[in-house]
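# Structural overview
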Amino acid sequence: MNSNHTSRFPSGRTSRRPSRHALTAVAATAALGVALVGCGGHDTGTRTGTDKSTRAVKSTGTKVLWVGDSIAGSEAPALDAALKAGGVDFKDASSDGGGTVVAGSEKITKMIAADTWKQLDKNVASFRPTVVVYQITTYDWGSRDQQRAAYEKLVKTAEDAGAKAVFVPAPPIKLDAFYKKHAAQMRTAPQVAREVAKGSGGAAAFLDASRLWGADASAKRAERASDGVHNCQQGAAAFADWFAAELGKKEGFTPAAVDTWAKGRWTSDDRYAQLKCDS
């Protein structure tokens, strides 16, 4: 979302709201923890970082356009590293403080959605993705019909561009005062997205990230940052590892091993410094 929308959020909220932690299975978590040990230093202002080890990887031909809010944004550095290490091209099109495609009944969601669709059209035209991945945002505040219309439009947009659409639910978050009044809409969004994917005739897929995150934001498995919403490096790495494996099954590529990318420069992304994450 553009910075001129920032002031429209309630007091105490800014347009920069990074993302959340994740844990895979115990073994994967241990591997990620070891891989991330010793990462340090801040690469200020860098949203994603490609390491030397990823530059000579043979391309799989898969190109992922990543769309969502700041939760998706804080997962993006790890996704960039993990997917590129496996020969998958990646573009982060997430938007801090916005990113929703659902033009709900509230003025703010209409504004955010209009901006998201505008940017999506530009990114599809310039990047030419083979997969458009939409992580359902914490701003998909619409009725089931409004959510369905937006998700069906996303599938058609991707299909018209020769790409597949993939929906991923957002991780569970701490429902503070900002979110509580939208809790019901936030619950229906992944349900509707799953239905749209199921009825798409193969044009879209729904990857159920609740198998990774669980449903309780306070549980250790959810591994959230101190804000209860976003994730630090280890959570982002766990999600990237899980997502690369799931997408690989769909697109026919073998994801890179965690130890080839998890200690990369992405761990010093400025987002994590803003979240006061250890690096």
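For the structure itself, look to the data block above.
Keep in mind that what you see is a predicted model, and the values were worked out from it rather than measured.

## So, unusual backbone geometry
- Here Arg 128, not a glycine, exhibits a phi torsion of approximately 55°, which is positive.
- Considering the arrangement of structural elements, one finds Arg 128 in the loop between α3 (107-127) and β3 (131-135).
- In this structure, Lys 276 takes a positive phi of about 60° despite not being glycine.
- Considering the arrangement of structural elements, one finds Lys 276 in the segment after α9 (270-274).

## What about the state of the cysteines?
- Taken as a whole, this structure holds one disulfide when the rule is applied.
- A sulfur-sulfur separation of 2.0 Å characterises the disulfide bridge that pairs Cys 232 with Cys 277. With the S-S dihedral at roughly -75°, the linkage between Cys 232 and Cys 277 falls on the left-handed side. You can see Cys 232 sitting in the loop between α7 (210-213) and α8 (233-251) and its partner Cys 277 sitting in the segment after α9, a full 45 residues away along the chain.
- Take Cys 232: its relative accessible area is 12%, and that puts it in the buried class.
- Take Cys 277: its relative accessible area is 9%, and that puts it in the buried class.

## Concerning the nonpolar core
- Core analysis: the largest hydrophobic core is formed by 40 residues, its most contacted members being Trp 66, Phe 239, Phe 243 and Trp 261.
- Elements supplying a minimum of two residues to this core: β1 (63-67), α2 (70-85), β3, β4 (164-168), α7 and α8.
- Core analysis: the next-biggest nonpolar cluster, separate from the first, contains 28 residues, Leu 65, Val 102, Ala 113 and Tyr 134 among them.

## Details of the pattern of salt bridges
- Tallied over the entire structure, the rule returns eight salt bridges.
- Here Glu 195 and Arg 148 are joined by a salt bridge, their closest N and O atoms 2.6 Å apart. Placement of the pair is Glu 195 in helix α6 (residues 183-198) and Arg 148 in helix α4 (residues 144-160), with a sequence separation of 47 residues.
- For Glu 195, a relative accessible area of 35% translates into the label partly exposed.
- Overall, the relative accessible area of 26% leaves Arg 148 in the partly exposed class.
- Two residues, Glu 246 and Lys 249, come together in a salt bridge whose shortest N-O distance is 3.2 Å. On the criterion of helical spacing, the pair formed by Glu 246 and Lys 249 is a turn pair, its members being three residues apart in helix α8.
- In this structure Lys 249 comes out as exposed when scored by relative accessible area, which is 64%.

## Some points on the sheet that holds strand β5 (residues 204-206)
- Strand order in the open sheet formed by five strands is β2-β1-β3-β4-β5, and the pairing between neighbours is parallel. Every interior strand has two partners, whereas the edge strands, β2 (89-92) and β5, have only one. Looking at each pair of strands side by side, their axes are set apart by 20° on average, direction ignored.
- Bridge count for β3 against β4 is five bridges, and the pairing is parallel. In the sheet register, Val 132 faces β4, and the bridge partner there is Ala 165.

## Description of α8
- Here α8 is 19 residues long and its end C-alpha atoms lie 26 Å apart, about the 27 Å a rise of 1.5 Å per residue gives.
- Directly after α8, the chain includes Gly 252, whose backbone phi takes a positive value near 75°.

## Observations regarding the pairing of β2
- Only one face of β2 is buried, namely the one carrying Phe 90 and Asp 92, since none of Asp 89 and Lys 91 on the opposite face is buried.
- Looking at chain direction, β1 and β2 are connected through four bridges and run parallel. Its bridge partner being in β2, Leu 65 is matched across the sheet by Lys 91.
- Between the parallel pair β1 and β2, the chain is carried across by α2, and the sense of this crossover is right-handed.

## Observations concerning α6
- Taking 1.5 Å as the rise per residue, α6 with 16 residues should run 22 Å; its terminal C-alpha atoms sit 24 Å apart, in good agreement.
- Turning to α6, the residues buried within the fold contact α4, β4, α5 (177-180) and β5.

About the cut-offs
Residues numbered from 1 in each chain as written. Predicted model: local features only at pLDDT ≥ 70, side-chain atom pairs only at ≥ 80, totals over all residues. Heavy atoms only, no water. Helix = DSSP H or I, 4+ residues; strand = E, 2+ residues; numbered from the N terminus. Disulfide = S-S within 2.5 Å. Buried < 20%, exposed > 50% of the residue type's maximum accessible area, 1.4 Å probe, protein only. Core = buried A, V, L, I, M, F, W, Y, C linked by side-chain atoms within 4.5 Å. Salt bridge = Lys/Arg side-chain N within 4 Å of Asp/Glu carboxyl O. Pairing = 2+ DSSP bridges. Axes fitted to C-alpha atoms, helices over the stretch in contact; angles between N-to-C directions. Expected span 1.5 Å × (residues − 1). Right-handed = clockwise from strand over helix to strand, strands pointing away. Contact = heavy atoms within 4.5 Å.

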